[in-house]
Structures are given as structure tokens and as C-alpha cells.
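Commentary on secondary and tertiary structure
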Amino acid sequence: MARMWLLLALSLAHSCAGVKLTPPLNDGRRQIVRLLSGMCASAAVCSSCAASVAEDEGDESPPDEIPDLGRARPKPRKGGAPGGQSLGTLTAEDGKKAAAELLAARQKLESLDTLVQTSDFASLLEALMSPPLSTFERSALTLVQSRVLDPEDVKAIGTIKRFGVGADVIIMLNGLQDAAKSADRVGARSFLGKAKASLDEIIVICQGNKVL
């Protein structure tokens, strides 16, 4: 029995560690070696599989996120006139009212000269943040969308998608407001003069289309 276990141990060493046996193995011993080799290979495979399973179970990283291709996308908002009024409901009367608001804004700008000269920046800011100056953009958009102007004049004033003299007025009013906040009288005078000139162009367009 001890001799058999010795042969098994030597055969196992030959199979797993590559040790050469002397003398050479006979047929019976070769069968034992093949059997033990298969057992060693099976044990190695099982050990590898167990390690892989343990590694997978220990991996707590979240699975890859699959994009939801069926998720509905928000619909783009349709354009319209300021104040929630749709483009199709604007009338010529709306255009004339908008032109009157723009004329009032121009007259208001004229009254700001004294505030700039006396450095009354608090009153200047209050005027800029109140109608008709604070509502200039809404009035200008209503005017160009009400179809009371010639198409070329609409392009000249501009819309949300097209830069025009209307955008110039907005830029100058913003610059005037910034100058008032920083108590910059020189800058305020410059922006006020440019805002007047740009708004004058819009008034001339309104008069040419007989909406003023």
C-alpha cells in the first residue's frame, strides 16, 4: 500500500511539476498519470472559474446605462408676439399702438439729458427701468410682427433672428443703464446720444409707413 501511494505521488509530481521519473513509467503507471493529470487540469479550471465568479460578485460597479430612445423630447416653442399674443392675432391697430409707445420712448430719452447733466443717476435708473423704456423691446417686436411696415423696413428694424436698428437701441439702453449704475456721466452721455439716434431711425420708418 505504501508503495502504491509513493507511485501516485511521483506520478502527480511528474504531471503537475514536469519532474522526470527514472526508470520510465510502464503502461499501468501511465494510466495513473493521465488520470491524475486530468484531475489536476479540472481542479485548475474550477479554481479559475471560482476566482472569476468571486471577482464578478465583488464588482459593485453599476451596469452601463442604456439610453431611453423612446423618451419623448420637449417640443420646440413656437414664436409669437410679446405678451403671449400669437402672431396671427396681431392687427394693424396693435402696430399703431406699438409705434406710439416707441415715440413715447423717444420723448422720454429727451428728458433724460437733465438727469445725466446733474448726475442724478438714481432717477436715471428709475426712468430706464420703467415704461416706455423698459418695454421698448416688446413694442418693437409687436411693430415688426403686426405687418404694418414694408418688408424692407421690417428688416431694417430687425427681429429676434435678424440684427437691426432695434437691437442698436437695446444695446445703447443697456449701456446707459450700466453707466448709470457706475455713476459714469461721460459714458451715460455717449450712450444716451446713440440711443436717441437709433430710435430716431425707427420713428422715421414709422412715419414713412403712416403708422404715426
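In this text, all values refer to a predicted model and were calculated from it rather than measured experimentally. (Residues numbered from 1 in each chain as written. Predicted model: local features only at pLDDT ≥ 70, side-chain atom pairs only at ≥ 80, totals over all residues. Heavy atoms only, no water.)

1. Looking at the overall build of the protein chain
Basically, it comes down to this: What counts as a helix is a DSSP run of H or I of at least four residues, what counts as a strand is a run of E of at least two, and both are numbered from the N terminus. In this scheme, a residue with accessible area under 20% of its type's maximum is buried, one over 50% is exposed, and one in between is partly exposed, where area comes from a 1.4 Å probe on protein chains only. We call two residues in contact whenever any of their non-hydrogen atoms come within 4.5 Å of each other. Only the protein chains shown count as cover for residues, with accessible areas throughout obtained via the Shrake-Rupley method and a probe of 1.4 Å.
When its secondary structure is counted, the protein chain shows nine helices and zero strands. Buried positions account for 30% of the 212 residues belonging to the protein chain. Of all intrachain contacts in the protein chain linking residues separated by at least 6 positions in sequence, the fraction that spans at least 24 positions is 66%. Surface summary for the protein chain: the accessible area is close to 14400 Å², and the carbon and sulfur share equals 56%.

2. Side note on the confidence of the model for the protein chain
Rules: What pLDDT expresses is the predictor's confidence in each residue, scored from 0 to 100.
Confidence in the prediction for the protein chain averages 75 pLDDT; 58% of positions are at 70 or higher. Of the regions scoring below 50 in pLDDT, residues 10-26 engages in 21 contacts with residues more than four places distant in sequence or in other chains. Low confidence marks residues 35-83, where pLDDT is under 50. Its contacts with residues over four positions away, or in another chain, come to 18 contacts.

3. Side note on helix α3 (residues 92-110)
Rules: In this analysis, the expected span of each helix is defined as 1.5 Å times one less than the number of residues it contains. Directions from the helix axis toward the C-beta atoms define the arc.
Taking 1.5 Å per residue as the helical rise, α3 with its 19 residues ought to reach 27 Å, and the 28 Å between its terminal C-alpha atoms agrees with that figure. Burial in α3 covers these residues: D94, G95, A98, A99, L102, A105, R106 and L109. Viewed end-on, α3 has its buried residues packed into an arc of 140°, placing them on one side of the element. Exposed positions of α3 whose direction lies more than 90 degrees from the buried face are K97 and Q107. In this fold, the buried residues of α3 make contact with α4 (112-117), α6 (136-145), α8 (165-181) and α9 (185-208).

4. A closer look at unusual backbone geometry
For the peptide bond that leads from P131 to P132, omega is 5°, which places it in the cis range. Despite not being glycine, S119 shows a phi value in the positive range, around 60°. On the secondary structure map, S119 appears in the loop between α4 and α5 (121-128). Non-glycine residue A183 carries a positive phi angle of around 55°. For A183, the position within the fold is in the loop between α8 and α9.

5. Observations concerning the packing of α3 against α6
Our working definition: A fitted line through C-alpha atoms represents every axis, and for helices the fit uses only the stretch in contact; the resulting angles, taken between N-to-C directions, go from 0 to 180 degrees. Each crossing gets its handedness from the near helix: less than a right angle anticlockwise from the far helix is left-handed, clockwise is right-handed. Three classes are used: nonpolar for Ala, Val, Leu, Ile, Met, Phe, Trp, Tyr, Cys and Pro, charged for Asp, Glu, Lys and Arg, and polar for all others, with Gly counted as polar.
At a closest axis distance of 8 Å, the pairing of α3 and α6 adopts a crossing angle of 145°. The chirality of how α3 crosses α6 is left-handed. The residues of α6 that touch α3, namely those facing D94, G95, A98, A99, E101 and L102, are F136, S139, A140, T142 and L143. Looking at the contact of α3 with α6 residue by residue, the classes come out as six nonpolar, three polar and two charged.

6. Structural notes on the packing of α5 against α8
Cut-off, in case you're wondering: Angle categories: roughly parallel below 35 degrees, roughly antiparallel above 145, roughly perpendicular from 65 to 115, and oblique for all the rest.
As a packed pair, α5 and α8 sit with axes 9 Å apart at the nearest point and diverge in direction by 150°. As far as their axial angle goes, α8 and α5 are roughly antiparallel. By crossing handedness, the relation of α5 to α8 is classed as left-handed. Along its contact with α5, which presents F121, L124, L125 and L128, the element α8 presents L173, L176, Q177, A180 and K181. Along the lines of polarity and charge, the residues of the contact of α5 with α8 split into seven nonpolar, one polar and one charged.

7. As for the nonpolar core
Note the threshold: Definition of nonpolar core: a set of buried residues of the types Ala, Val, Leu, Ile, Met, Phe, Trp, Tyr and Cys, connected through side-chain atoms within 4.5 Å.
L112, L124, L143, L149 and I202 are the most contacted members of the largest nonpolar core, which totals 38 residues. Elements that contribute at least two residues to this core include exactly α3, α4, α5, α6, α7 (151-157), α8 and α9. When near neighbours in sequence (up to four residues on either side) are disregarded, I202 contacts L102, F136, L143, I157, V165, G166 and V169.

8. Observations regarding the pattern of salt bridges
Close approach of charged atoms allows side chains with opposite charge to pair. We count it as follows: Each salt bridge in this description consists of a side-chain nitrogen of Lys or Arg and a carboxyl oxygen of Asp or Glu lying within 4 Å of one another.
Going through the model one piece at a time under the given rule, you end up with five salt bridges. Residues joined in a network through salt bridges with shared partners are R106, E110, D113, K196 and D200.

9. Regarding the environment of V148
For V148, the location among the structural elements is in the loop between α6 and α7. For V148, a relative accessible area of 15% puts it in the buried group. Sequence separation between V148 and T91 is 57 residues; the distance between their C-alpha atoms is 8.3 Å. Each residue touching V148, except ones within four places of it in the same chain, is listed here: A92, G95, L143, N209 and V211.

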